[in-house]
There are 2 protein chains.
Amino acid sequence: MDLSEYFPIFDKLTADEQDQLRRLSMRRTVPSGTLLHNGDKDCMGLLLLRSGQLRAYLTSDEGREVTLYRLFERDICLFSASCIMNSIQFDITITAEKETEFWIIPPDVFKKLMETSAPMANYVSQIMGTRFTDVMWLIEQIMWKSFDKRLAGFLLEESAIEGTKVLKITHDIIAGHMGTAREVVTRMLRYFQAEGMVKLSRGVVEIMDEEMLEELSGK
Amino acid sequence: MDLSEYFPIFDKLTADEQDQLRRLSMRRTVPSGTLLHNGDKDCMGLLLLRSGQLRAYLTSDEGREVTLYRLFERDICLFSASCIMNSIQFDITITAEKETEFWIIPPDVFKKLMETSAPMANYVSQIMGTRFTDVMWLIEQIMWKSFDKRLAGFLLEESAIEGTKVLKITHDIIAGHMGTAREVVTRMLRYFQAEGMVKLSRGVVEIMDEEMLEELSGK
């Protein structure tokens, strides 16, 4: 499969621009757990996902975390190129949650393309709008939703992503996704278990009553 | 003063585009309290502020509010034109907090300009990046900062915006900015008063010890 089939606006670029993208993009595969972007310390460029899964998250000075969004096949990782966008003044971290294969469009190639091509510049706005929407959803969740609803929604989402009801995930990792402490997660999961919604065992949360979780999450 | 002096990338547009913007933009003045944008029900277009102050905020189904950011002279209000950006899938509300004077660039004019002009499309990305940064700052505040620190920061910001230490603001309005309940604000303000940081009277919060508030806010 060629980059052209993964890059949504490839057809709208000039022949020269297409040629540049093909010549200067690099293919790379990283194992699960790889740190791809760490605030303003990195500037890999635009990443175009061929397969795998990335997680974008925020970290506090004290080491707490909260997941902002996930990226999957055919998604574009924009903030790994935030160094060339002056108005982006925040630091996020991006890691691979699974083995991930992607094309890298280097920062200087991306910058030149964006400056000269209106379709490319509009595409960047579009990606930014999508991520903005993810983050606004998160604010609404944090501001107005109680933790039990958020946790129910998180378990259902994980189950959908992994395609299984048996989630291999620790309470610590769940806490890192949701921006809270492990104890808070453990307490709520025990309540879910008492209500028959999940079954807990070492490093595993098994979903027992999807319907009840869905009702609770308020979707 | 002409629109060209307020529109940062005016010089980068073609003569035709400049002419279009001049001919099709409208000048308008609205009184304090005017609702300018209410989720997906409105689509005024791009607003370019000549003077005044706008507030962009999120509302919950239950009527709670949280302020996302403020816009001032020379700022551009992008989300009042969100109808023409498909990737923006969230609803915010925008109201004038003071008498506000602005140019309106109608949605169709803005759309055409963005599609054909790379400088314009990049400028849109840039504005979106700035708003994104505001919103990420808010997430960090909500996630990692305790309410006393946030409230101290809010009072100092209001004082800077209004240019006075005597803030004419009710506890209810502060709660609406911060996404919390009035009682929580009242309790914390009384604690601030007991510590000598503020003095409370009907509809007024007077800052008595700016230094102490600054220290508390952790700026």
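Residues numbered from 1 in each chain as written. Chains lettered and ligands numbered in written order. Predicted model: local features only at pLDDT ≥ 70, side-chain atom pairs only at ≥ 80, totals over all residues. Heavy atoms only, no water.

## Overview of the sheet that holds strand β2 (residues 35-38) of chain B
All names here are of chain B. Worth spelling out the cut-off: Any two strands between which DSSP finds at least two bridges are classified as paired. Counting from the N terminus, the helices are DSSP H or I runs at least four residues long and the strands are E runs at least two residues long. Convention adopted: a line fitted to C-alpha atoms gives each axis, helices being fitted over their contacting stretch, and angles between N-to-C directions are expressed from 0 to 180 degrees. Whether two residues are in contact is decided by their heavy atoms, any of which lying within 4.5 Å being enough.
One open sheet holds the four strands; their spatial order is β2-β7-β4-β5, and the pairing between them is antiparallel. The open sheet terminates on both sides in strands that have one partner only, identified here as β2 and β5 (65-71). Strand-to-strand, the axes of this sheet are offset by a mean angle of 20°, without reference to chain direction. Seen against the sheet, helix α6 (residues 171-178) touches β4 (54-59) and β5 and runs at an angle of roughly 80° to β5.

## Quick word on the environment of Asp108(A)
Residue and element names in this part refer to chain A. Put simply, the rule reads: Each residue gets one of three labels from its accessible area relative to the maximum for its type: buried under 20%, exposed over 50%, partly exposed in between, using a 1.4 Å probe on protein chains only.
If you trace the backbone, Asp108 turns up in helix α3 (residues 107-116). On the accessibility criterion, Asp108 (57% relative accessible area) is exposed. A sequence separation of 24 residues divides Asp108 from Ile84, and the C-alpha atoms of the two residues are 8.2 Å apart.

## Here we look at the relation of the copies chain A and chain B
Just so we agree on the cut-off: Least-squares superposition aligns the copies on the C-alpha atoms of those residues with pLDDT at or above 70 in both.
Overlaying chain A on chain B yields an RMSD of 0.0 Å, the required transformation being a rotation through 180° with an accompanying axial translation of 0.0 Å. Taken together, the turn and the small shift mark the pair as related by a two-fold rotation axis. It is Ala118(A) whose C-alpha, among those of chain A, lies nearest the rotation axis, at 2.0 Å. Most of the interface of chain A is mirrored in chain B: 100% of its interface residues are interface residues there too.

## Some points on the state of the cysteines
Residues and elements named next belong to chain A. We count it as follows: Any two cysteine sulfur atoms lying within 2.5 Å of each other are counted as a disulfide.
Here the structure, examined in full by the defined rule, presents two disulfides over all chains. Here Cys43 connects covalently by a disulfide to Cys83, the sulfurs 1.5 Å from one another. Taking the sign of the torsion about the S-S bond as the criterion, the disulfide between Cys43 and Cys83, at about -45°, is left-handed. One end of the pair, Cys43, is in the loop between β2 (35-38) and β3 (46-51); the other, Cys83, is in the loop between β6 (76-77) and β7 (93-96), and 40 residues separate them in sequence.

## Focus: helix α4 (residues 118-144) of chain B
Residue and element names in this part refer to chain B. Stated precisely, the cut-off is as follows: A helix is expected to span 1.5 Å for every residue after the first. Under the rule applied, a polar contact is a pair of N or O atoms within 3.5 Å (in protein, one hydrogen donor and one hydrogen acceptor; residues adjacent in sequence only if both atoms are side-chain atoms).
The end-to-end C-alpha separation of α4 is 38 Å, in line with the 39 Å expected for 27 residues at 1.5 Å each. Judged by how many residues are buried, α4 sits mostly within the fold: 21 of 27 residues are covered. Two or three places before Met120, at the opening of α4, Ser117 has a side-chain oxygen 3.1 Å from that residue's backbone nitrogen.

## Points about unusual backbone geometry
One non-glycine residue, Arg74(A), lies in the positive phi region at around 75°. Mapped onto the secondary structure, Arg74(A) falls in the loop between β5 (65-71) and β6.

## Some remarks on α3(A)
As a reminder of what qualifies: It is the directions from the helix axis to the C-beta atoms that the arc portrays.
Listing the buried residues of α3(A) in full gives Pro107(A), Val109(A), Phe110(A), Leu113(A) and Met114(A). Seen along its axis, α3(A) keeps its buried residues to an arc of 160°; they face one direction. Away from its buried face by more than 90 degrees, α3(A) exposes Asp108(A) and Thr116(A). Those residues of α3(A) that are buried are in contact with α2 (15-24), β3, β8 (100-105) and α4 (118-144) of chain A together with α4 of chain B.

## A few points about the sheet that holds strand β6 (residues 76-77) of chain B
Residue and element names in this part refer to chain B. Ordered in space as β1-β8-β3-β6, the four strands form an open sheet in which the pairing is antiparallel. Two strands lie at the open edges of the sheet, namely β1 (26-30) and β6, each paired on one side alone. The pairing of strand β3 (residues 46-51) with strand β8 (residues 100-105) spans five bridges and is antiparallel. Each residue of the ladder has a partner; that of Ser51, found in β8, is Glu101.

## Focus on the packing of helix α2 (residues 15-24) of chain B against helix α3 (residues 107-116) of chain B
Residues and elements named next belong to chain B. Just so we agree on the cut-off: The scheme is simple: roughly parallel for angles under 35 degrees, roughly antiparallel for over 145, roughly perpendicular for 65 to 115, oblique for anything else. By convention, the crossing between two helices is left-handed when the near helix turns anticlockwise from the far helix through less than a right angle, and right-handed when the turn is clockwise.
Between α2 and α3, whose axes approach to 11 Å, the crossing angle comes to 165°. One finds that α2 runs roughly antiparallel with respect to α3. Relative to α3, the crossing made by α2 is left-handed. Each of Glu17, Gln20, Leu21 and Leu24 in α2 lies in contact with α3, whose residues at this interface are Val109, Lys112, Leu113 and Thr116.

## Considerations on the interface of chain A and chain B
By a widely used convention, the size of an interface equals the accessible area lost when the partners come together. Using the following cut-off: Buried area adds together the accessible area that both of two parts lose upon being put together, with accessible area traced by a 1.4 Å probe.
Opposite the 39 residues of chain A that make contact, chain B presents 39 residues. Note on chain A versus chain B: buried area summed over both sides is about 3200 Å², and carbon and sulfur give 76% of it. Area buried by chain A at its contact with chain B is led by Phe132(A), Met143(A) and Trp144(A), which between them contribute 23% of it. Scanning the region where chain A abuts chain B turns up nine residue pairs in polar contact (both at pLDDT 80 or more). Of all the secondary structure elements, the ones that give two or more residues to the side of chain A that touches chain B are β4 (54-59), β5, α3 and α4 of chain A. A total of 20 residues in the side of chain A that touches chain B trace back to one element, the largest contributor, which is α4(A).

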